[in-house]
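# Commentary on secondary and tertiary structure
Residue strings, one per chain:
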Amino acid sequence: MNITVRVWRQSGPDDRGSLVSYDVPDVSPDMSFLEMLDVLNERLILDGEEPIAFDHDCREGICGSCGVVINGQAHGPQQTTSCQLHMRSFSDGDTIDVEPWRSRGFPVIKDLVVDRSAFDRIIQSGGFITAPTGAAPDAHATPVPKADADLAFENATCIGCGACVAACPNGSAMLFTSAKVAHLNALPQGQPERESRVLEMVSTMDDEGFGGCTNTGECVNSCPKGIPFASIVNLNKEYLRALRKR
Amino acid sequence: MLEYTVGSDISDTAAPTGPIENRWDTRKREAKLVNPANRRKHRVIIVGTGLAGGAAGATLAEQGYHVVQFCFQDSPRRAHSVAAQGGINAAKNYRNDGDSIYRLFYDTVKGGDFRARESNVYRLAQVSVQIIDQCVAQGVPFAREYGGLLDNRSFGGVQVSRTFYARGQTGQQLLLGAYQALSRQIDAGNVELHARTEMLDLIVVDGKARGIVARDLVTGAVQTHLADAVVLATGGYGNVFYLSTNAKGSNATAIWRAHKRGAYLANPCFTQIHPTCIPRSGEHQSKLTLMSESLRNDGRIWVPARAGDTRPPAQIPEDERDYYLERIYPSFGNLVPRDIASRQAKNVCDEGRGVGPGGLGVYLDFAEALSRLGRPAVEAKYGNLFDMYAQITAENPYETPMRIYPAIHYTMGGLWVDYDLQSTIPGLFVIGEANFSDHGANRLGASALMQGLADGYFVLPATLSHYLAGGGFSPVSPDDPAVVSAEESVSARLDKLLSINGSRTVDSFHRELGTLLWDHCGMARNASGLQKALDRIPELREEFWNDVRVPGTGQQLNQSLEKANRVADFLEFGELMALDALVRTESCGGHFREESQTPEGEALRDDEHFSHVSAWEYGSSGPVLHREALAFDYVHPTQRSYA
C-alpha cells in the first residue's frame, strides 16, 4: 500500500505547529499504525530530518502510552489503542491525518507527545485505598460478591491513555475519573473513603482544566477498553451522595 | 574475542543459617531498625516504578523515609509490569489441592533447574501469601467465585491451582494497586516523583552508592540526585534481542552502568523464551506480543504429524495431528514449564512441521475447550487475549486455532544481590527482574509478579532499613569529584552520540545485534555460534560509534538520542551475555547448550562443574568471573522430569 500521512509537527510547547505531509510507500497491511510511523521515521533520519516524536511503549494495548488522533478520531477508526490499529484498516492511496491529543488539560510537549500528568494528579488526590503494607487481613476475610467484583474489574481496566479527553468536545476527564471511582467504590475495601474520594477527585479534575461533561458520549465511543457510559452516571450519583453526606 | 579471568569465589553472607522455614524471620528479627523520627532524614532513590519499584516506593514512604522516585515513562502507571497477563502465584491452598509454602518452594527450585538459591526461593514462597492479602486490601479486583471468594487457576510446571488472576490483565491490576499506593504517598509529600527522567549513571562515593545521574527527557537537562541509598527496579534486559515481548523502552542501561561502577552481573545468559507468542509477520516488526501461558490450561498444542502438510487446520483429521506435549509429557501435558514447551516447539518446527508463514509456528487449539465449556465460559476466562490475537493477526481464534511461536520474554540474570537484595556495591539494592536471585535458569509462570511485589512490599523495606540504621551517611557535596566526573562523563557521551552523524540509524544497529543474539544465543546455543557472536559484536560496536546517526540536539525531547544511548549499552551487554553462555557448557533451564543434552533431547545439567552462580565483575582488562556455589539441602538436584 502507498499511504500519505499529514502529521502534526510542533518543535516544542511554545511553537505554533502545523501539519506536514509525507509519503510512505510499501506499507504492509500487517504493520501496526506505529510501525508505519517507525518506517517513516527511519527514512526521515536518513534524509537528515528529525523523526516524528510520539509516545509508545508496550505496543500491546495495555500501558496506555500511545495515543494520537487519526483522521479526527482518538486512536483512529477502530475502538482500540493506536499501537493495536493495523494498516489493514486503511486502503491503498489513503491520506491520513495524525494529530496529538488536543485538550487544555494535556499540553503538547513535542509533535504528537502530550503531557498527561494531570491524570496522575487526579489519582493522587484520592484514587486509592489507604492500605498500609504488611498487616492486611487474610484475602478471604472479606468476600466480594462476583457481580461487584466484575463491576470493579470492568472499570479497573482503564489504561489512562486519555482518548476520552481527546474525543470529548469539552475536553472532559469524566470517563477516566468515573472509572476509578466506580472501581474502588464498588468494593467493600473502598467504603471508608467513598465520599472523600469522589469529592477530591472531581475537584482536582476541575482544577486541572478539564471541561465539564454534557453527556455527549464521544468518550465511550473512543475508549479502547470499553469503559461504559454507566460509569459517568455512577460518578454523578456518587458525587451527589457524597455532597449530601458531607 | 573477549578475554576473561577467573577471580575469587563469592558467597551470600547476609542469609541466616538454620532451618529454612525460619531464616526470613531470623533475618527480620536481627535487622536493625531506624527510629520513626529519624526516617524522614534518609533520602532513598528508587529507579523504576513497576511492581518492584512502585511497591518499594510506596512502602518505604509509608514507613517515613523520603523517597525520590524515577521512571522514563510519562507516568508510573505505564511500567511494563502492566503488560503481564496470566497471574500471580501464592501458596494459599485455598483450593485444598495439596499446595503449601514448601510445595511452591519445591516447584520453583525444580522449575529453575536447580540454579537458584534455596533461601531466597523459600522466602519468596512464604511472602507470596501476604502479597495476595495486601493486594486485595488495596482493591485489586482479582477473579472471584459466585460466593465472593477468590478464584484460582494453574500454570506451567505445577500440578496445583495456586495462581490468582484478574482476567488476562493481572499485571495491570497489580501495577495499578502499587501505583495508587505510590500516588497516595506522592500526594502526602513523602515521594518526590521524576517522570520522563532516565538514570544514566550511578554515583559511588567512598565505595557506597550515593546517587545517580539522570537526564530529564523533556528538557534534556542532565542532573545529579544524591541520597543515602539507591534502589534499582529497572526490569530485565530482554530488549537486547531487539524483538522481544518487552516494552520498547525497556533497557539495560541502569544495570549496565551500575555494573561498570562495580556491581557484579550474574548469569546474563539466562534468558527465558516464552512459548506462547504471536509469530512475527514481517521485517517491519517492532516487537512481539505474548499470549498468556494460562491459555495452555485449556488450549491444546499441536502440529501436523507429517512434515510439509500445508492443509488448513480444519482439514487435518485428528489422527494426522501430533499433540506433541501431551504425547511426550503425559503427566504435565500442555502445562510443562516454559523452557520445555519452547524447545519442543522449536524441535517440531526444525522437523518441518511448523505451521503458518515461514513454518515458524504451532497451533494452540481451543476447539475441544469450546465444545466442553461453551463459548461464554471460554470468553470469560480468555476473552481479552482472544480479542488481542484477532486484532493483531486478523484471524478469529474462536474459529481457527491460534498460531504461536516462542519469543524472548523474561531475563533471569541480572545484577548479583545477596539475601538482603544488596549488590556488591554497598547501598545499591536491586529488586525485581533487575536482580538475578529467585528464578534460577528458568522462571515458572506467574512468578515474576510474585517476585516483584515480594521484593518491593516486603523484603527490601526490611533489609534497606537495616542498611540505613547502620549509619555513616556524611553529606555528599554536589562538588564531590565522584559526582562531577559522573555527570561529565554522561554529558560527554551524549555529545559524542550527537556528533557522529553517520549513515546508519540506531534501529538498524539494534536489529543486527538482536538477530545475531537470537541466532546464536537464543533458544539453543553452541560453541561455534557463540564464537561468531563474540567476534561480530565488537566490530558492530565499533561501527556504531563511527557510523550511527542521531539527529537533533540534547536540549530537547529527543527519542533518537534516548534509543542510541540504550543501544550503545546493549552492544556492550550482549557481548558479556554471549561470553557467559559460552563459558557455561552445561544446559539448564532457559540455557540450552546443544553440546549438553540427554538422548531424549532434554537439557542436561552438569552439577559437578556448574552448580554455581556466575557473577561477572567489570574489569579494566576484561570481565572477571566470580563463582557463588549453590547448596541444595532441601530440594535435591535430579534430572528434571515432567513425563
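Residues numbered from 1 in each chain as written. Chains lettered and ligands numbered in written order. Predicted model: local features only at pLDDT ≥ 70, side-chain atom pairs only at ≥ 80, totals over all residues. Heavy atoms only, no water.

Right, let's get into the overall build of chain B. Scanning chain B from terminus to terminus reveals 17 helices and 20 strands. On C-alpha atoms alone, chain B measures out to a radius of gyration of 24 Å, which is about the 26 Å that the 2.2 N^0.38 rule sets for 643 residues. Taken along its principal axes, the extent of the C-alpha atoms in chain B is 75 × 60 × 50 Å. Approximately 20,300 Å² of chain B is accessible, and the part contributed by carbon and sulfur atoms is 49%. Taking the 64 positively charged and 75 negatively charged side chains of chain B as two groups, their mean positions are separated by 4 Å. (Helix = DSSP H or I, 4+ residues; strand = E, 2+ residues; numbered from the N terminus. Rg over C-alpha atoms; globule rule 2.2 N^0.38 Å. Areas by Shrake-Rupley, 256 points an atom, 1.4 Å probe, with all protein chains shown as cover. Lys, Arg positive; Asp, Glu negative; His and termini not counted. Charge placed at Lys NZ, Arg CZ, Asp CG, Glu CD.)

All names here are of chain B. Under the criterion given, the structure shown has 69 salt bridges over all chains. For the salt bridge of Arg372 with Asp298, the shortest nitrogen-to-oxygen distance reads 3.2 Å. With a gap of 74 residues between them, Arg372 in helix H10 (residues 367-373) and Asp298 in the loop between strand E12 (271-277) and strand E13 (300-304) connect regions that are remote in the sequence. When the shortest N-O distance is used, the salt bridge between Arg541 and Glu575 registers 2.8 Å. Placement of Arg541 in helix H15 (residues 527-547) and of Glu575 in helix H16 (residues 559-583) is noted, with a sequence separation of 34 residues between them. (Salt bridge = Lys/Arg side-chain N within 4 Å of Asp/Glu carboxyl O.)

Residue and element names in this part refer to chain A. Entries for chain A in the domain assignment read domain 1 (3-109) and domain 2 (116-131 + 140-245). A separation of 28 Å is found between the C-alpha centroids of domain 1 and domain 2. Of the roughly 1,400 Å² buried at the junction of domain 1 and domain 2 (both faces included), carbon and sulfur atoms supply 58%. Summed over the three residues of domain 1 that lose the most area to domain 2, namely Gln79, Trp101 and Phe106, the buried surface amounts to 38% of that side. (Domains from an automatic or database assignment. Buried area = accessible area lost by both parts, 1.4 Å probe.)

A word on the UniProt feature "domain: FAD-dependent oxidoreductase 2 FAD-binding" (unreviewed entry) in chain B. When the UniProt feature table is mapped onto this chain, "domain: FAD-dependent oxidoreductase 2 FAD-binding" (unreviewed entry) is found at residues 44-449 of chain B. Across residues 44-449 of chain B one finds 29% helix and 19% strand; the C-alpha atoms that close the span lie 23 Å apart. (UniProt positions renumbered as here; feature names shortened; annotations may be inferred.)

Per the stated rule, a full pass over the model turns up 27 aromatic pairs over all chains. With a centroid separation of 6.0 Å and an interplanar angle of 45 degrees, the aromatic rings of Phe33 of chain A and Phe90 of chain A are classed as tilted. Note that Phe33 of chain A is positioned in helix H1 (residues 33-46) and Phe90 of chain A in the loop between strand E4 (73-74) and strand E5 (95-99), a separation of 57 residues in sequence. On the numbers, 5.1 Å between centres and 70 degrees between planes, the contact of Phe105 of chain B with Tyr122 of chain B is edge-to-face. With Phe105 of chain B in helix H4 (residues 101-111) and Tyr122 of chain B in helix H5 (residues 118-138), this residue pair connects regions lying 17 residues apart in the sequence. The same class applies to Phe105 of chain B and to Tyr122 of chain B, which are both buried. What links up through ring pairs into an aromatic cluster is the set Phe106, Phe119, Phe176 and Phe210 of chain A. Directly above the aromatic system of Trp8 of chain A lies the positively charged group of Arg102 of chain A, at a separation of 4.2 Å from the ring centroid. Over the ring of Tyr165 of chain B we find Arg153 of chain B; its NZ or CZ atom is 3.8 Å from the centre of that ring. (Phe/Tyr/Trp six-rings, centres within 6.5 Å; stacked < 30°, edge-to-face > 60°. Buried < 20%, exposed > 50% of the residue type's maximum accessible area, 1.4 Å probe, protein only. Lys NZ or Arg CZ within 6 Å of the ring centre and 35° of its normal.)

All names here are of chain A. Here we have 5 strands laid out as an open sheet, ordered E2-E1-E5-E3-E4, and mixed in their pairing. In the strand order of this sheet, the two ends are held by strand E2 (18-24) and E4, each with one partner. Of the strand pairs in this sheet, strand E1 (residues 3-9) and E5 are connected by 4 bridges, and their pairing is parallel. Along E5, the bridge assignment pairs Val7 with Val98. (Pairing = 2+ DSSP bridges.)

Let us look at the side chain of Glu572 of chain B. Residue and element names in this part refer to chain B. Note that Glu572 resides in helix H16. Accessibility expressed as a relative area gives 16% for Glu572, which makes it buried. With sequence-adjacent residues up to four places away left out, Glu572 is seen in contact with Trp256, Lys260 and Arg541. (Contact = heavy atoms within 4.5 Å.)

Bringing the nonpolar core into the picture now. Residues Ile88, Phe142, Leu232, Leu428 and Leu464 of chain B are the most contacted members of the largest nonpolar core, which totals 233 residues. With 14 residues, H16 of chain B is the largest single contributor of residues to this core. The next biggest cluster of nonpolar side chains, apart from the first, holds 26 residues, and it includes Val27, Met31, Leu44 and Ile70 of chain A. (Core = buried A, V, L, I, M, F, W, Y, C linked by side-chain atoms within 4.5 Å.)

Attention now moves to the sheet that holds strand E11 (residues 265-266) of chain B. Sheet strands associate in pairs through backbone hydrogen bonding, adopting either a parallel or an antiparallel arrangement. Residue and element names in this part refer to chain B. One open sheet holds the 5 strands; their spatial order is E1-E20-E19-E11-E17, and the pairing between them is mixed. At either end of the open sheet lies a strand with only one pairing partner, and these are strand E1 (5-6) and strand E17 (414-415). The pairing of E1 with strand E20 (residues 624-629) spans 2 bridges and is parallel. Bridging across to E20, Thr5 finds its partner in Val624. Strands in contact with H16 are E11, strand E19 (612-617) and E20; relative to E19, the strand with the most contacts, it is inclined by about 145 degrees. (Axes fitted to C-alpha atoms, helices over the stretch in contact; angles between N-to-C directions.)

We now examine the domain arrangement of chain B. Residues and elements named next belong to chain B. Each domain of chain B was delimited in the assignment, giving domain 1 (5-270 + 412-470), domain 2 (274-409) and domain 3 (500-608). Look at where the C-alpha atoms of domain 1 and domain 3 centre, and you get two points 25 Å apart. The interface is formed by 32 residues belonging to domain 1 together with 38 residues belonging to domain 3. Summing the contributions of domain 1 and of domain 3, the shared interface buries around 3,000 Å²; its carbon and sulfur component is 57%. At the boundary of domain 1 with domain 3, the tally comes to 6 salt bridges. On inspection of domain 1 and its partner domain 3, the count reaches 17 residue pairs in polar contact (both at pLDDT 80 or more). Of all the elements in the fold, those that place two or more residues in the side of domain 1 that touches domain 3 are strand E7 (197-205) and helix H7 (253-260). Looking at which element gives the most residues to the side of domain 1 that touches domain 3, the answer is H7, with 5 residues. (Polar contact = N/O pair within 3.5 Å; in protein donor to acceptor, adjacent residues only side chain to side chain.)

Before going further, it helps to spend a moment on the interface of chain B and chain A. Residue-level contacts link 78 residues of chain B with 73 residues of chain A. Between chain B and chain A the total buried area reaches about 6,100 Å² when both faces are included, carbon and sulfur atoms providing 52% of it. Sorting the residues of chain B by area buried against chain A places Arg78, His284 and Gln391 of chain B first, and these three jointly supply 11% of that buried surface. At the junction of chain B and chain A, the tally comes to 43 residue pairs in polar contact (both at pLDDT 80 or more). Every element with two or more residues in the side of chain B that touches chain A is listed here: helix H3 (51-63), H5, helix H6 (170-187), helix H11 (375-393), helix H12 (448-469), helix H14 (506-521) and H16 of chain B. Sort the elements by how many residues they give to the side of chain B that touches chain A and H6 of chain B lands first, with 9 residues. Residue classes in the side of chain B that touches chain A are distributed as 27 nonpolar, 33 polar and 18 charged. (Nonpolar A, V, L, I, M, F, W, Y, C, P; charged D, E, K, R; others polar.)

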